[in-house]
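# Structural overview for review
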Amino acid sequence: MSVLLVGISHRSAPVSVLERVAVADTDRPKLIDKLQGSAHISESMIVSTCNRVEIYAVVDAFHGALADVGELLADHSGLELNDLTKHAYVRYSEAAAEHLFAVASGLDSMVIGEQQILGQIRTAYAVSDSQKAAGRALHELAQQALRVGKRVHTETGIDRAGASVVSVALDRAAAVLGAPEHGGSGLTGRTAVVVGAGSMGGLSVAHLTRNGIGRVVVANRTRERAEHLADTVRAAGVDAATVELSDLATAVAEADVMVACTGAVGAVVTLADAHIALASRNSAQRPLVICDLGLPRDVEPAVAGLPGVTLLDIATMKSDPGAGAAAADADAAREIVAGELATYLAGQRLAEVTPTVTALRQRAAEVVESELLRLESRLPGLDDPQRDEVARTVRRVVDKLLHAPTVRVKQLATTPGGDAYAAALRELFELAPGRAEAVATPMEMRAVVLADDIASAGGDAAGTWWKGMQA
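To start, this report covers the structure provided alongside it. (Residues numbered from 1 in each chain as written. Predicted model: local features only at pLDDT ≥ 70, side-chain atom pairs only at ≥ 80, totals over all residues. Heavy atoms only, no water.)

Between the first and last C-alpha of helix H15 (residues 384–413) there are 42 Å, a value that for 30 residues agrees with the 44 Å anticipated at 1.5 Å per step. Of all the bends in H15, the greatest, near 35°, is centred on His 403, and the proline Pro 405 appears no more than four residues after it. Its side-chain oxygen placed 2.9 Å from the backbone nitrogen of Gln 386, Asp 383 serves as the N-cap of H15. (Helix = DSSP H or I, 4+ residues; strand = E, 2+ residues; numbered from the N terminus. Expected span 1.5 Å × (residues − 1). Bend = angle between axes of the 7 residues up to and from the residue. Polar contact = N/O pair within 3.5 Å; in protein donor to acceptor, adjacent residues only side chain to side chain.)

What follows is the structure, encoded as structure tokens:
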């Protein structure tokens, strides 16, 4: 069994494709159920954020599992498989683990070093675990990824550029608004509307209150969650209120900045809504900054063409200079990821060879017992002390003979290619380890080589290969 990763992110696809592939919280359980229905997949987890969708699956057949995951994403997004795979990337086995560790560390984020991804990976695992779709392999992989991410953020300064896309967007909004006459940041004393009371909404509120916002209005589909977020704002000493989504245009008419982060399917703020809000503003010259952090988009793109409106969305954030961490911090984070990956893989290889060692010792024990029974039939006159001494002597001889090779094969198993030594033991002693996942089949070995070629060639090569597979 090995881990297969199929993903689409801001690095491989435009926002229009990411919107189609985006997995809402309500959709994730259904998609996991479908993945678990595959004959080739035993465990599955879906990491879904504002700029990536990644499916991690523990598989027994690379080709079959890849086809099943591709079909699932195509059905979910409504995209043709050939169009979808132009933007997909595929990682397998060690490459899949390395990628998840880099993602957890914030190295693959739109805003390098952002920490929100740790919570998103934790949520992804929790959902899979609740559906009994996360077994030993994904548990160890996800938990190790979370530990790696925490270590990177603790030991490096990679997150100094900002906590998330939210901070970059609102910092840019502050720059557009400009500092008020009485001083402070561009957000000081302003009015903000936050649409969405989820994790992104909470981050937005935290950033706004830290930067001196004067008033926050929260709009959300569920009024109770909106009130809870508003209470958080009030606890920080800032005026807060809630409105229904139907009254959003009225609230925006009085605002300087709006943050939309609902994750809803379809636009929450339409061009008509924006027209109504602008028509009701007390000053036609008063700028309005809209930060659309939803995926799919929460705001219709045409709103960007309205006078006095600045629309900042996920696509805009890609080119923002604040989205990168210092090169030295990023290099330090990569070193940590590389070291942790080596330790993780060594542990995985050791775990895979353990059943072989156990089977070898079991085989030796069976041979010893068989020979002692044969000795009993040939020398029935042995008394109990003599019989026990012979048994101890035979067992000591066998243990001493096995000690060096079993210790050495465990040591070698932690090195790249070390599984070949365990395979040699299985072949020489005709062993059948109790756990099937301890044995790497020829198909899996061929898939590793193929997947490595795909990963090194890039997403386009993955798409081309995938098309060929489907032909």
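That shown, we press on.
Turning our attention to unusual backbone geometry. A positive phi angle, near 60°, is found at Ser 93, a position not held by glycine. Even without being a glycine, Lys 132 presents a positive backbone phi close to 60°. Relative to the helices and strands, Lys 132 resides in the loop between helix H6 (116–130) and helix H7 (136–155). Given a relative accessible area of 75%, Lys 132 falls into the exposed group. (Buried < 20%, exposed > 50% of the residue type's maximum accessible area, 1.4 Å probe, protein only.)

Here the focus is the sheet that holds strand S5 (residues 191–195). The strand order S7-S6-S5-S8-S9-S10 describes an open sheet built from six strands, whose pairing is parallel. Each edge of the open sheet is held by one strand with a lone partner, namely strand S7 (239–243) and strand S10 (309–313). The mean angle between the axes of side-by-side strands here comes to 15°, regardless of whether they run parallel or antiparallel. Two elements, S5 and strand S8 (residues 257–260), share four bridges in a ladder whose sense is parallel. From the neighbouring strand, Val 193 faces S8, where its bridge partner is Met 258. (Pairing = 2+ DSSP bridges. Axes fitted to C-alpha atoms, helices over the stretch in contact; angles between N-to-C directions.)

Along the chain, Asp 292 turns up in strand S9 (residues 288–292). Buried charge without a partner: Asp 292 forms no salt bridge, and the closest opposite charge is Arg 297, 5.2 Å away. A distance of 3.0 Å separates a polar atom in the side chain of Asp 292 from the backbone nitrogen of Val 299. Setting aside residues up to four positions removed in sequence, Asp 292 forms contacts with Ala 260, Arg 297, Asp 298, Val 299, Leu 311, Leu 312, Asp 313 and Ile 314. (Lys, Arg positive; Asp, Glu negative; His and termini not counted. Salt bridge = Lys/Arg side-chain N within 4 Å of Asp/Glu carboxyl O. Contact = heavy atoms within 4.5 Å.)

Below, the discussion takes up the sheet that holds strand S3 (residues 52–59). An order of S2-S3-S1-S4 is seen for the four strands of this open sheet, with the pairing classed as antiparallel. In the strand order of this sheet, the two ends are held by strand S2 (41–49) and strand S4 (89–92), each with one partner. When strand polarity is set aside, the average angle formed by the axes of neighbouring strands in this sheet is 15°. Two elements, strand S1 (residues 2–9) and S3, share eight bridges in a ladder whose sense is antiparallel. In the strand pairing of S3, Val 6 is matched with Ile 55. Packed onto the sheet, helix H2 (residues 28–36) meets S2 and S3 and runs at close to 155° relative to S2.

Moving on, we come to the packing of helix H5 (residues 94–104) against H7. The contact between H5 and H7 brings their axes to 8 Å, and the two run at 40°. Our classification of the angle between H5 and H7 gives oblique. In the crossing of H5 with H7, the sense of the turn from one axis to the other is right-handed. Across the interface between the two elements, Ala 97, Leu 100, Phe 101 and Ala 104 from H5 touch Leu 141, Gln 144, Ala 145, Val 148, Gly 149 and His 153 from H7. Among the residues making up the contact of H5 with H7, the classes are represented as seven nonpolar, three polar and no charged. (Parallel < 35°, antiparallel > 145°, perpendicular 65-115°, else oblique. Left-handed = near helix turned anticlockwise from the far one by under 90°. Nonpolar A, V, L, I, M, F, W, Y, C, P; charged D, E, K, R; others polar.)

Time to look at the pairing of S8. Neither face of S8 is left uncovered, since the one carrying Val 257 and Val 259 and the one carrying Met 258 and Ala 260 both have all their residues buried. Relative to S9, S8 is paired through four bridges, and the arrangement is parallel. Within the sheet, the bridge partner assigned to Met 258 lies in S9 and is Ile 290.

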